[in-house]
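Architecture and fold: a report
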Amino acid sequence: MNALNKKTIEDIEVRGKKILVRCDFNVPLKDGEITNDKRIVAALPTIKYLSENGARVILCSHLGRPKGEYKPEFSLAPVAVRLSEYLGQEVKLAEDENVVGENAKTLAAGLQDGQVMLLENVRYRKEETKNEETFSKELASLADIFVNDAFGTAHRAHCSTTGVAAYLPAVCGYLIQKEITFMGGALADPKRPLVAILGGAKVSDKIGVITNLLDKCDTLIIGGGMAYTFMKSLGHHIGTSLLEEEQVENAGKMMKDAEEKGVKFLIPVDNKVGREYDENTEAMIVNSDEIPDGWMGLDIGPETQKLFSEAIKGAGTIIWNGPMGVSEWDNFAAGTIAVANAVAESGAISIVGGGDSVAAVTKLGFSDKMSHISTGGGASLEFLEGKELPGIAALNDKE
């Protein structure tokens, strides 16, 4: 799949056309109020471009998991209100429990150039997640063109991400274009050296990513809970640290593969360990081969921070997915902070993906120092594995 060769909204004529745009408005709600509207803000460039160029815009998205039935608490009504504020025009919500109902059809038919409307939660329909063509056809019947701008769901083949593309010309919006450009570019033709930093809890979640990156990167850095499985494969004593016993052999094999491919493979040399899995547990710093019985690794230690930062310093491109320790606890966030700092100061093209590392970078105030923060957790991981993402594969290629 050459994701870099997909048509975008700028490659088509949009004036006077009804355009169905799949956005990612899956925002957190508390008592019906939006607590974080970053995803809405991220969709604005595409919506504004279409509206300003005279398109008749029909937005759609999922929100939460209503599991194929109408549940008012998963309504996109708060999103319509917030969009109206940002766009300076009323964004009407088509209040149909079946999503493409009389309200949707009437509103769509009455749209004027530049106007924007919003459909109800596409997951009110059980067909959505099964990618059944009845619902895809209903969605397509409202519009002339389909735009996918929801990278966060691009790894899912649903009616509103891929199904509808079978019935309409399909292009990507600015958000997906940016993801493809940064992540696709980093994998296809990176500015070297390419340094990949992988953290998080499980090796099993990242096997595909590690395997794919070993053929592409110059240095691979492993931190977080998954690092202890690699230490175990070296015969280190890891106390009660997180371990995936069935992955120990695999971990050893990956390190051997890295050596054969000339890839520098770095794992922690020291760790901040705690007596129990608790934010305020008694803690100390020990070498990686000296974790005592009954203690568990919860963050990388100061020597490892130096080692990793040094490796990051000279990078041309950095891909970072997953924290170095239990970064949501201040006592065990130092490793992730050190890595974020090093990435921010490296001057490299830096791409951060995966919910936890994005949260850490945002919380620490480093977001604006990163070249690109991916909007899709699962989607960015599958992209890094080299998998074809159905929501992108379904879009039309440039001539």
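Figured I'd write up the structure that's included with this text. (Residues numbered from 1 in each chain as written. Predicted model: local features only at pLDDT ≥ 70, side-chain atom pairs only at ≥ 80, totals over all residues. Heavy atoms only, no water.)

Right, let's get into the packing of aromatic side chains. Tallied over the entire structure, the rule returns six aromatic pairs. Ring centres of Tyr 49 and Tyr 174 lie 5.7 Å apart, and the angle between their planes is 80°; this geometry places the pair in the edge-to-face category. Of this pair, Tyr 49 sits in helix α1 (residues 38-52) while Tyr 174 sits in helix α6 (residues 174-188), and the two are 125 residues apart along the sequence. Its relative accessible area of 22% is what places Tyr 174 among the partly exposed residues. Relative to Trp 329, the ring of Tyr 277 has its centre 4.7 Å away and its plane inclined at 50°; by these criteria the two rings are tilted. Of this pair, Tyr 277 sits in the loop between β12 (270-274) and β13 (283-287) while Trp 329 is found in the loop between β15 (317-321) and α11 (334-345), placing the two residues 52 residues apart along the sequence. Every member of this aromatic cluster is reached through a ring pair, and the members are Tyr 277, Trp 329 and Phe 332. Just above the ring of Phe 332 sits the side chain of Lys 272; from NZ or CZ to the centre is 5.1 Å. (Phe/Tyr/Trp six-rings, centres within 6.5 Å; stacked < 30°, edge-to-face > 60°. Helix = DSSP H or I, 4+ residues; strand = E, 2+ residues; numbered from the N terminus. Buried < 20%, exposed > 50% of the residue type's maximum accessible area, 1.4 Å probe, protein only. Lys NZ or Arg CZ within 6 Å of the ring centre and 35° of its normal.)

It is worth spelling out unusual backbone geometry at this point. Cis geometry marks the peptide bond from Arg 192 to Pro 193, where omega comes out at -5°. By the element assignment, Pro 193 lies in the loop between α6 and β9 (194-198). Residue Asp 31 is not a glycine yet carries a positive backbone phi of 50°. With respect to the secondary-structure elements, Asp 31 resides in the loop between β2 (29-30) and β3 (33-34). On the basis of relative accessible area, Asp 31 is assigned to the exposed category, the value being 75%. Unusually for a residue other than glycine, Lys 67 sits at a positive phi of about 60°.

Let us now look at the sheet that holds strand β8 (residues 170-172). The six strands lie next to each other as β5-β6-β4-β1-β7-β8, forming an open sheet whose pairing is parallel. Where the open sheet ends on each side, the last strands, each with one partner, are β5 (92-94) and β8. For this sheet the average axis-to-axis angle between neighbouring strands, irrespective of direction, equals 30°. Strand direction decides the pairing type here: strand β7 (residues 145-148) and β8, joined by three bridges, are parallel. Along β8, the bridge assignment pairs Asn 148 with Cys 172. (Pairing = 2+ DSSP bridges. Axes fitted to C-alpha atoms, helices over the stretch in contact; angles between N-to-C directions.)

Judged by nonpolar contacts, the single largest core of 69 residues is most densely connected at Leu 119, Leu 220, Ile 222 and Phe 230. With five residues, the single largest contributor to this core is α6. When neighbours within four sequence positions are excluded, Phe 230 is seen to be in contact with Val 203, Ile 210, Ile 222, Ala 251, Met 254, Met 255, Phe 265 and Ile 267. Grouped together as the second largest cluster of nonpolar side chains are 29 residues, Ile 47, Val 57, Leu 76 and Ala 80 included. (Core = buried A, V, L, I, M, F, W, Y, C linked by side-chain atoms within 4.5 Å. Contact = heavy atoms within 4.5 Å.)

What follows is about the pattern of salt bridges. Under the definition given, this model contains 18 salt bridges. Notably, a salt bridge pairs Glu 260 with Lys 256, separated by 3.3 Å at the nearest N-O pair. With Glu 260 and Lys 256 both in helix α9 (residues 248-261), this residue pair falls four residues apart, about one helical turn. One salt bridge connects Glu 310 with Lys 313, and the closest N-O pair in it is separated by 3.5 Å. Of this pair, Glu 310 and Lys 313 are both found in helix α10 (residues 302-313), three residues apart, which corresponds to roughly one turn of the helix. For Glu 310, a relative accessible area of 51% puts it in the exposed group. By sharing partners, the salt bridges in this structure join Asp 37, Arg 82 and Glu 85 into a single network. (Salt bridge = Lys/Arg side-chain N within 4 Å of Asp/Glu carboxyl O.)

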